[in-house]
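In case you want the letters, here they are:
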Amino acid sequence: AKGESDIGVFYRTGLLLCEGAGGEIYALRDSVTGWPISIPPAGMAVFQPFAAFDPATSTALWAVFNVLVAMLAVMCLRSVLATVALDACYSWLAGVFLLLAGGSLQVGQFSLLFASCWVFALYLAASRPALSHLAWAVPAAIKLYPALLFVAPLCGAKGAKQVTKTAALLIAWLLVLAFALPMLSYGLRAWDLNVGFVNEIVLDPSGRVKWMQALGTTANQSLDAVLIRYLSWYPKFHEKYTSVPTAHMDLDTVRLLGHIVRLAVIGVTVGFFLRWRRSGSVPFGGEVGSVLLMAALWSSALYVALPETRARYAVYAFLGFVPFAMLVLQAQEKRARALLMAAFVVVLLLVVGVMPKPLEVWGVGFLGPLALWIVSLRAVRQARPAT
């Protein structure tokens, strides 16, 4: 409500757009926080109705909207887990979802909406495939990189013809959301706004991605933040935490290394996806199970690859906890199950960012997303041979 968090940026951007601002808005910084204005027109079109009120009312209404979305997602999650015979995990996975959603809700980020859309897509996968594809497309239209999860519905498609049809539907929904949806709020300015977003945020090498590849606070536990901690020199961090060793490499070189590692993570994930397509099916079977497993794998890879991770984005990693929950349930011995459950809790705390300050300073939180990705890879590798 003070306008000093993410929702403050959205609100002030909404006011500028209401006053007639065009694509040049993406070259500006927010007037209060100094943060980049980086939500594309589709995302701002979703938020625009909330900008019609005063800041406090807008904040309250956006919070209520997000709580309702979370409640609906938790309800749909029960059906998704029942479909793949994971009913026993429902109560604690629902709790995990809500815990991870807390950071997003607190600052008004879109992350909760994205993760909820993934749950909605899984819920609709078997009964309403067209709407399921729409749900997959919503996060990608608002922040682009969730398009990595487009791989998930492709896993539910059988044969080249159905894969092509699914891909075409996903792209069609993405274009509708990116261009038609903003026109409802901004008219013909939608095209100029999209051009400005692409030029200033997506294509500009000194834009949003580079701004996120930083180590401004210890709360950032991302891949790039870990590399910068130990390989480069970031005065705001290293002058304060002198106990952290560093190789003093050039910052831009380390940022480039971050991109290389990021591509390697995505490459390995693609390799496991292709292996699954050639020779396996998910352990609990069924089309929804196939899509769920791949969504878990790709959401984990997405969170590992993000240039910035904080509590506000933690809910992105939710689906990655499903294979981990399966691993716990599959344990036959009580001691093994107890140890796996303890590991589950530790990983959850690391992803949320709940850890002693020294561990936060040393970037230990990155081990949480990394563990989810590795467990998801293991689940794909153990897929039964197709019969």
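Residues numbered from 1 in each chain as written. Predicted model: local features only at pLDDT ≥ 70, side-chain atom pairs only at ≥ 80, totals over all residues. Heavy atoms only, no water.

**Focus: the overall build of the protein**
Secondary structure summary: the protein contains 18 helices and two strands in total. Taking 21 Å as the expected radius of gyration for a compact globule of 387 residues, we find that the protein reaches 21 Å, a close match to that expectation. With the principal axes as the frame, the protein shows a C-alpha extent of 60 × 55 × 35 Å. By the burial criterion, 52% of the 387 residues in the protein qualify as buried. Intrachain contacts of the protein at a sequence separation of at least 6 include 69% that bridge at least 24 residues. (Helix = DSSP H or I, 4+ residues; strand = E, 2+ residues; numbered from the N terminus. Rg over C-alpha atoms; globule rule 2.2 N^0.38 Å. Buried < 20%, exposed > 50% of the residue type's maximum accessible area, 1.4 Å probe, protein only. Contact = heavy atoms within 4.5 Å.)

**Thoughts on the environment of Tyr-90**
Counting through the fold element by element, Tyr-90 comes out in helix 4 (residues 90-107). Using a relative accessible area of 14% as the deciding quantity, one classes Tyr-90 as buried. Not counting the four nearest positions on each side in its chain, Tyr-90 is found in contact with Val-74, Leu-77, Arg-78 and Leu-81.

**Examining helix 3 (residues 55-83)**
Taking 1.5 Å of rise per residue, the 29 residues of helix 3 would be expected to cover 42 Å, and the 42 Å separating its terminal C-alpha atoms lies within 8% of that figure. For helix 3, the set of buried residues is Ser-58, Trp-62, Asn-66, Val-69, Ala-70, Ala-73, Val-74, Cys-76, Leu-77, Val-80 and Leu-81. As for helix 3, its buried residues are in contact with helix 1 (6-18), helix 2 (41-47), helix 4, helix 5 (111-124) and helix 14 (287-305). The opening residue of helix 3 is Asp-54, an N-cap whose side-chain oxygen sits 3.2 Å from the backbone nitrogen of Ala-56. (Expected span 1.5 Å × (residues − 1). Polar contact = N/O pair within 3.5 Å; in protein donor to acceptor, adjacent residues only side chain to side chain.)

**As for unusual backbone geometry**
Phi at Leu-144 takes a positive value of approximately 65 degrees, unusual for a residue other than glycine. Within the element layout of this structure, Leu-144 appears in the loop between helix 6 (129-143) and helix 7 (151-155). On the basis of relative accessible area, Leu-144 is assigned to the partly exposed category, the value being 41%.

**Here we look at the packing of helix 3 against helix 5**
It is at 9 Å that the axes of helix 3 and helix 5 come closest, and there the two elements cross at 30 degrees. In terms of orientation, helix 3 lies roughly parallel with respect to helix 5. When you trace helix 3 past helix 5, the crossing you get is left-handed. Together, Asn-66, Val-69, Ala-70, Leu-72, Ala-73, Cys-76, Leu-77, Ser-79 and Val-80 of helix 3 and Leu-112, Leu-113, Ser-116, Val-119, Phe-120, Leu-122 and Tyr-123 of helix 5 make up the contact between the two elements. Residues belonging to the contact of helix 3 with helix 5 are distributed by class as follows: 13 nonpolar, three polar and no charged. (Axes fitted to C-alpha atoms, helices over the stretch in contact; angles between N-to-C directions. Parallel < 35°, antiparallel > 145°, perpendicular 65-115°, else oblique. Left-handed = near helix turned anticlockwise from the far one by under 90°. Nonpolar A, V, L, I, M, F, W, Y, C, P; charged D, E, K, R; others polar.)

Shape descriptors only; they carry no functional weight alone.
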